[in-house]
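Understanding the architecture of this molecule
Chain by chain, the residues:
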Amino acid sequence: MQRALVAAVLVGAAAPVVGTFLVQRRMALMGDGVGHVALTGVAMGWLVGSWAAVSPADSLAVPGAVVAAVVGSVVIELVRERGRTSGDLALAIMFYGGIAGGVLLIKVAGGTNANLMSYLFGSISTVSTGDLWWTAALAVLVLVVGVGLRWALFAVSHDEEFARASGLPVRALSMVVAVLAALTVTISMRVVGLLLVSALMIVPVAVAQIVSRSFGRTMLLASAIGVGVSVAGLVITYWNDVPPGATIVVLAIVLYAAAAVAHPLVARRRAAGRDPHPDVLDDVLVAASDPACAADPSPGPGTTGR
């Protein structure tokens, strides 16, 4: 549980940071595409481990997932940039190819589809010390690069033409976003699973956007929400026998639904008691334009005078 708690905090903090850029680029489903490619990398790690007689057999699963996810994300970005096919089509091809490649390679490696279940749906309670070191190193890298280059990455994600006119290296920064998404997927797969990793990247950002209007505050709040739901989901699974990854995602979605319902009500109540023109007197008696007022210059009921 100690290792699981550390992994939950690291992943919960890092995933929404990258998700903020993906939402701005309107590529919220990129995490799913990269996650499916990472499954092929997991199987490749099993295959290499079996050939090298490494024990346990999945020792190279995380490095294999990192390599496959990075390559897949770069390919997706190149296809999107060159416009030879739409982003949706590129992601769909990655979906199907990643799943098929993972199932095929795990069979060649001597394993079964059951060996992939912990990576597909997450298994935070079985995080090993080696997994935790990989998670910590990659999470710190994602946070340092994502936060350190946040304004340049935001400019590229929000408007590539403006960023290019401003002299920013658009292609290099786009590749940075793609690689950060790949690393985030690989560090999150043991917490929420490859099939649910995109939710942890996107849903906290969606919640933060409801209550925040600036990019910096949105990123900070989304990261805090990610940590909160990850830790809360882990605590719930400690006392109840429920899947941790699914619990974390459901908590995030419930929080989004609550924010979506409550925020308009709170905003409407605040607007009802707010004076839209505080610099203008509401009750002003203009005596010069009203003969009755000119005859009786004393303030009438409900007025504040001249």
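Every value quoted in this text rests on a predicted model; they were computed, and no experiment measured them. (Residues numbered from 1 in each chain as written. Predicted model: local features only at pLDDT ≥ 70, side-chain atom pairs only at ≥ 80, totals over all residues. Heavy atoms only, no water.)

Right, let's get into the confidence of the model for the chain. Looking at the chain as a whole, its pLDDT mean stands at 78, while 81% of the residues score no less than 70. No element of the chain has a lower mean pLDDT than helix α13 (residues 291-295), which averages 54, and none a higher one than helix α11 (residues 215-239), which averages 89. In this model, residues 302-306 is a region of pLDDT below 50 whose contacts with residues beyond four sequence positions or in other chains number 10 contacts. (pLDDT = per-residue confidence, 0-100. Helix = DSSP H or I, 4+ residues; strand = E, 2+ residues; numbered from the N terminus. Contact = heavy atoms within 4.5 Å.)

Time to look at the pattern of salt bridges. In the structure shown here, the tally under the stated rule is 1 salt bridge. In this structure, Arg164 engages Glu161 in a salt bridge whose closest nitrogen and oxygen atoms are separated by 3.4 Å. Residue Arg164 and its partner Glu161 are located together in helix α8 (residues 160-165), separated by 3 residues, close to a single helical turn. The class for Arg164 is partly exposed, based on a relative accessible area of 43%. (Salt bridge = Lys/Arg side-chain N within 4 Å of Asp/Glu carboxyl O. Buried < 20%, exposed > 50% of the residue type's maximum accessible area, 1.4 Å probe, protein only.)

What follows concerns the packing of helix α6 (residues 129-148) against helix α9 (residues 170-188). One way to put it is that α6 packs onto α9 with a least axis distance of 9 Å and a crossing angle of 150 degrees. By the angle class used here, α6 and α9 are roughly antiparallel. Considering only the axes of α6 and α9, their crossing is left-handed. For the pair α6 and α9, the contacting residues are Trp134, Thr135, Leu138, Ala139, Leu141, Val142, Val145 and Gly146 in the first and Val176, Leu180, Leu183, Thr184, Thr186 and Ile187 in the second. For the contact of α6 with α9, the per-class residue count stands at 10 nonpolar, 4 polar and no charged. (Axes fitted to C-alpha atoms, helices over the stretch in contact; angles between N-to-C directions. Parallel < 35°, antiparallel > 145°, perpendicular 65-115°, else oblique. Left-handed = near helix turned anticlockwise from the far one by under 90°. Nonpolar A, V, L, I, M, F, W, Y, C, P; charged D, E, K, R; others polar.)

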